[in-house]
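Listed below, chain by chain, are the residues.
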Amino acid sequence: MNDYAKEHYDFPLAQRSANKPLQGLKVIDAGTMVAAPFATVLLADFGAEVIKIEHPKHGDGQRKLEPIKDGIPLWWKAVARNKRCVTLDLSKPEGAAVFKDLARNADVVAENYRPGTLERWGLGYDELKMANPRVVLLRISGFGQTGPYRDRPGFGRTAEAMTGLTNLIGEPDGPPMSPGYPLGDLIAGLFGAFAVMTALYHRDARGGEGQAIDLALNEAVFRLLDFDPIQYDQLQTVHHRTGNRVSYVAPSSMFKTLDGKYITLAASTQSIWLRVCQAIGREELAADPKFIDNPARVAHSEEINGIVAGWIAARTKQEIEQIFDRHEVAYSPVFDIEDIFNDLQYRAREALVRVPDKDLGEAVVQNVVPKFSKTPGSVDHLGPGLGEHNEEIYRGELGYSKERLSRLREAGVI
């Protein structure tokens, strides 16, 4: 561990949970990059036995993305944690046969290739169902398995744009802005993990069978824009960018402090608004007809945001935190990752843990979310090396002979 880590990283060492709720669940992760791998890592955190498939020559594209330290892909270390990794070329007939052997013993297969890719390799749902009628196949793609856009490539950024999310980020007179992080992929991953567990409940608790799940990136993101469709349908109102101001709540914005920090707040309920008035010493505002309730405040949002901004601009971040905490105002300073590493709440909740790693020595990552009282998840290890578990899985679990494994390796299949 470097000197900075020795001096500052006093986070707890991750403790292996002996009673994870998904122990015994077998998952084959045939996805690439972010969406499907994020769905499966959420399952792995709670004990699912996830086998990650990678191309034997190229590996997963995630291994080539920044941040990278001394040739070690750090994002990969996080998204592939708690997984075992094997190499396999699914496009080769021998590789497809091996994949079916893996799927034959699996509860779940996850993939995020473009629609038709698995079918081209002889690995579509119909083929997998013949090998294992109970299998749940999670299929994540840019625009879904059907429709005129099904063949288009898609990533989180394109999903965010197509759903209107990008159109909501930025100043009203400025261009639409990307979140700067692949939220679309991660949102799809969350829906993917939820969908898998729902399908497994149907299969195992209700006496159902396996099934295919068709999850489109754009539909996952669009589902989170909860009121936009009904607002447009009923009011013919198009939701537009409002900068840091929330269009349906006031006061709400990003406010700069005397010492150059930023604080955000939103008076989303009347009680919070009354606390804001008390905190800034302007209790008379609560009785002003312009600010008497939220619809009135929204109509005069520029004025009320200006009043709050003026009060915050005259005080330091520390002063504001003390006053807002005393009056129970819902607010937060704007954190960067260094702030998070130093924050008392993150530390008290053990939201970050240290995990030993053969490449990095030790690394700090997010702990498992959420916390279970009886069957907690845990981070047992970080992302493995390319093909690290080939022998363990192909020989130890599938029972392949040493000679067969050699032939597969020589043919470029593994």
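As the structure is a computational prediction, the values presented were derived from the model and not from experiment.

**Things to note about the overall build of the chain**
Now for step 1: Assigned secondary structure in the chain consists of 18 helices and 13 strands.
Now for step 2: When its C-alpha atoms are laid out on the principal axes, the chain stretches across 85 × 55 × 40 Å.
Now for step 3: Burial statistics for the chain: of 414 residues in total, 46% are counted as buried.
Now for step 4: Considering only residue pairs separated by 6 or more positions, the chain has 68% of its internal contacts joining residues 24 or more positions apart.
Now for step 5: When the accessible area of the chain is evaluated, it comes to approximately 21300 Å², of which 53% is carbon and sulfur surface.

**Remarks on the nonpolar core**
When a protein is soluble and globular, its nonpolar side chains tend to lie buried together.
Now for step 1: Of all hydrophobic cores here, the largest spans 42 residues; its most connected members are Leu138 and Ile140.
Now for step 2: Of all the secondary-structure elements, those providing two or more residues to this core are α2 (35–45), β6 (108–111), β7 (136–141), α8 (183–205), β8 (212–216), α9 (217–224), β12 (352–357) and β13 (361–366).
Now for step 3: Per element, the largest residue contribution to this core is 7 residues, and it comes from α8.
Now for step 4: Leaving out residues up to four positions away in the same chain, Ile140 has contacts with Ala35, Ala36, Glu111, Asn112, Tyr113, Ala188, Leu215 and Leu217.
Now for step 5: In terms of nonpolar packing, the next biggest core, distinct from the first, is built from 28 residues, Ile53, Tyr125, Val135 and Ile414 among them.

**Some words on helix α13 (residues 301–313)**
Now for step 1: Helix length check: α13, at 13 residues, gives a terminal C-alpha distance of 18 Å against a target of 18 Å (1.5 Å per residue), a fit within 8%.
Now for step 2: Residues of α13 that are buried sit in contact with β9 (252–256), β10 (262–266), α11 (270–279), α12 (294–299) and α14 (317–326).

**Focus: the pairing of β7**
Now for step 1: Most of β7 is tucked away, with 6 of its 6 residues classed as buried.
Now for step 2: Burial along β7 is two-sided: Val136, Leu138 and Ile140 facing one way and Leu137, Arg139 and Ser141 facing the other are all buried.
Now for step 3: The sheet contact formed by β6 and β7 spans 4 bridges and is parallel. Looking across to β7, one finds that Val108 is bridged to Val136.
Now for step 4: Of the strand pairs in this sheet, β7 and β8 are connected by 5 bridges, and their pairing is parallel. If you follow Ser141 over to β8, its bridge partner there is Ala216.

**Quick look at unusual backbone geometry**
The phi torsion of most residues other than glycine is negative, and most of the peptide bonds are trans.
Now for step 1: Geometrically, the link from Ala250 to Pro251 is a cis peptide bond, its omega value of -5° lying close to zero.
Now for step 2: Residue Pro370 follows Val369 across a cis peptide bond; omega there is -5°.
Now for step 3: The backbone phi angle of Asn82 is positive, close to 65°, even though this residue is not glycine.
Now for step 4: Here Asn82 lies in the loop between α3 (74–79) and β5 (83–87).
Now for step 5: Unusually for a residue other than glycine, Glu328 sits at a positive phi of about 55°.
Now for step 6: Summarising the element assignment, Glu328 is placed in the loop between α14 and β11 (331–333).
Now for step 7: For Glu328, a relative accessible area of 53% translates into the label exposed.

**Brief notes about the sheet that holds strand β1 (residues 26–29)**
Now for step 1: In spatial order, the strands read β5-β2-β1-β6-β7-β8; together these 6 strands make up an open sheet with parallel pairing. In this open sheet, the two edge strands, each paired with only one partner strand, are β5 and β8. Each strand axis lies, on average, 20° off the axis of its neighbour in the sheet, ignoring direction.
Now for step 2: Sheet contacts for α2: β1, β2 (49–54), β5, β6 and β7; angle to β1, the most-contacted strand, approximately 160°.
Now for step 3: In the packing of α8 onto the sheet, the strands contacted are β6, β7 and β8, and the crossing angle to β8 comes to about 160°.

**Brief notes about the sheet that holds β11**
Now for step 1: Spatially, the 3 strands line up as an open sheet ordered β9-β10-β11, and their pairing is antiparallel. Looking along the sheet, the strands with just one partner apiece sit at the ends: β9 and β11. Each adjacent strand pair in this sheet contributes to an overall mean axis angle of 20°, direction not counted.
Now for step 2: The strands touched by α14 within the sheet are β10 and β11, with β11 carrying the most contacts at an inclination of about 160°.

**As for the pairing of β9**
Now for step 1: Here β9 runs beside β10; their pairing, made up of 5 bridges, is antiparallel. Residue pairing in the sheet places Ser252 in a bridge with Ala266 of β10.
Now for step 2: The loop that links β9 with its antiparallel partner β10 comprises 5 residues; one of these, Gly260, has a positive phi angle of about 80°.

**Some remarks on the pattern of salt bridges**
Now for step 1: Counting across every chain of the model gives 27 salt bridges.
Now for step 2: For Lys358, the salt bridge identified is with Asp359, shortest N-O distance 3.5 Å.
Now for step 3: A cluster of three or more residues bridged by salt bridges with shared partners is formed by Lys77, Asp357, Lys358, Asp359 and Glu388.

**A few points about α9**
Now for step 1: The complete set of buried residues in α9 reads Leu217, Asn218, Ala220 and Val221. When α9 is viewed along its axis, its buried side chains cluster within an angular range of 160° and face the same direction.
Now for step 2: Of the surrounding elements, those touching the buried residues of α9 are α2, β7, α7 (156–162), α8 and β8.

**A word on the packing of α8 against α9**
Now for step 1: Between α8 and α9, the least distance of the axes is 8 Å, while the angle of their chain directions is 85°. The angle between α8 and α9 falls in the class roughly perpendicular. Residue-level inspection shows Gly184, Asp185, Ile187, Ala188 and Phe191 of α8 in contact with α9, the latter providing Leu217, Ala220, Val221, Arg223 and Leu224.
Now for step 2: The residue inventory of the contact of α8 with α9, partitioned by class, reads 7 nonpolar, 1 polar and 2 charged.

What counts and what doesn't
Residue numbers restart at each chain and count upward from 1, following the sequence in its written direction. Local features in this predicted model are restricted to residues of pLDDT 70 or higher, and side-chain atom pairs are both shown and tallied only at a pLDDT of 80 or more, whereas totals for entire chains, interfaces and linings draw on every residue. As a rule here, side-chain values come from all non-hydrogen atoms in the structure, and water together with hydrogens is ignored. Labels follow the DSSP assignment, with helices taken as runs of H or I lasting at least four residues and strands as runs of E lasting at least two, numbered in each case from the N terminus. We call a residue buried when its accessible area falls under 20% of the maximum for its residue type, exposed when it is over 50%, and partly exposed in between, using a 1.4 Å probe and counting protein chains only. Contacts are assigned to residue pairs with any non-hydrogen atoms lying within 4.5 Å of each other. Only the protein chains shown count as cover for residues, with accessible areas throughout obtained via the Shrake-Rupley method and a probe of 1.4 Å. Buried residues of nine kinds, namely Ala, Val, Leu, Ile, Met, Phe, Trp, Tyr and Cys, make up a nonpolar core once their side-chain atoms join them within 4.5 Å. In a helix, the anticipated span is given by 1.5 Å times the number of residues less one. Think of it this way: DSSP has to see at least two bridges between two strands before they count as a pair. Axis definition: a line fitted to C-alpha atoms, over the contacting stretch in the case of helices. Angles run 0 to 180 degrees between N-to-C directions. Every case where a carboxyl oxygen of Asp or Glu lies within 4 Å of a side-chain nitrogen of Lys or Arg is listed as a salt bridge. Each C-beta atom gives one direction from the helix axis, and the arc is the one those directions make. Oblique is the label for any angle not covered by the other classes, which are roughly parallel (under 35 degrees), roughly antiparallel (over 145) and roughly perpendicular (65 to 115). By the convention adopted, Pro, Cys, Tyr, Trp, Phe, Met, Ile, Leu, Val and Ala count as nonpolar, Lys, Arg, Asp and Glu as charged, and the other residues, Gly among them, as polar.

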